[in-house]
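An overview of the molecular structure
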Amino acid sequence: MKKIGAYLSGALAGAANGLFGAGGGMVLVPGLERLTNVSEDALFPTSVAIIFPLCLVSLTVYGLHGDIPWQAAWPYLIGSALGGVLAGILGKRIPTLWLHRILGLLILWGGVRTFL
């Protein structure tokens, strides 16, 4: 069952990432928590390790179709890289419970913004 849960979580994360350009981690973290035996402390780092190659695949597909506006993306790439470094450094200092709460708030905020 754990292996099936891993495949299912990965498939859902890949679909979210490919369809929406983001959100794979929002699907993956709860999936990893409920469907696999990944420890609490390893949920978020494992999600990042899985999402990175998914993003490369999505980037390749979008790139092959010429759908990437690189001039608009560069400022976000630089900011994202800095934010990723900061989160990687501080991530171990934030309790997993709070990471779950923050993720939940981000999901809710994204949902509310979608309907406004």
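What counts and how
- Residues numbered from 1 in each chain as written.
- Predicted model: local features only at pLDDT ≥ 70, side-chain atom pairs only at ≥ 80, totals over all residues.
- Heavy atoms only, no water.
- Phe/Tyr/Trp six-rings, centres within 6.5 Å; stacked < 30°, edge-to-face > 60°.
- Helix = DSSP H or I, 4+ residues; strand = E, 2+ residues; numbered from the N terminus.
- Core = buried A, V, L, I, M, F, W, Y, C linked by side-chain atoms within 4.5 Å.
- Buried < 20%, exposed > 50% of the residue type's maximum accessible area, 1.4 Å probe, protein only.
- Contact = heavy atoms within 4.5 Å.
- pLDDT = per-residue confidence, 0-100.
- Polar contact = N/O pair within 3.5 Å; in protein donor to acceptor, adjacent residues only side chain to side chain.
- Axes fitted to C-alpha atoms, helices over the stretch in contact; angles between N-to-C directions.
- Parallel < 35°, antiparallel > 145°, perpendicular 65-115°, else oblique.
- Left-handed = near helix turned anticlockwise from the far one by under 90°.
- Nonpolar A, V, L, I, M, F, W, Y, C, P; charged D, E, K, R; others polar.

1. Here's the deal with the packing of aromatic side chains
- Evaluation of the coordinates by the stated rule reveals one aromatic pair.
- Ring geometry for W70 against W74: centres 5.9 Å apart, planes inclined by 35°, an arrangement best described as tilted. Within this pair, W70 and its partner W74 are both found in helix α4 (residues 70-90), separated by four residues, close to a single helical turn.

2. A look at the nonpolar core
- With nine residues, the main nonpolar core is built from A13, L28, V29, L32, L43, F44, I51, L99 and L103.
- Each residue touching V29, except ones within four places of it in the same chain, is listed here: L43, F44, S47, H100 and L103.

3. Considering the confidence of the model for the chain
- Of the residues in the chain, 97% reach a pLDDT of 70 or more, and the chain-wide mean stands at 82.
- No element of the chain has a lower mean pLDDT than helix α1 (residues 2-20), which averages 79, and none a higher one than α4, which averages 86.

4. Considering the side chain of S47
- For S47, the position within the fold is in helix α3 (residues 43-64).
- Judged by relative accessible area, which is 5%, S47 ranks as buried.
- Residues within four places of S47 in sequence aside, it is in contact with G25, L28, V29 and L32.

5. Things to note about the side chain of T36
- Along the chain, the position of T36 falls in the loop between α2 (24-35) and α3.
- Classification of T36 as buried rests on a relative accessible area of 8%.
- A distance of 2.5 Å separates the side chain of T36 from the backbone oxygen of L32, its partner in a polar contact.
- In this structure the side chain of T36 is engaged in a polar contact, spanning 3.4 Å, whose partner is the backbone nitrogen of V38.

6. A look at the packing of α2 against helix α5 (residues 96-115)
- α5 packs onto α2 with a crossing angle of 135° between their chain directions and a minimal axis gap of 11 Å. It follows that α2 is oblique to α5 by the angle criterion. The interaxial crossing formed by α2 with α5 has left-handed handedness. On the side of α2, the interface is formed by M26, V29 and E33, while α5 contributes H100, L103 and I107.
- Considered class by class, the residues forming the contact of α2 with α5 number four nonpolar, one polar and one charged.

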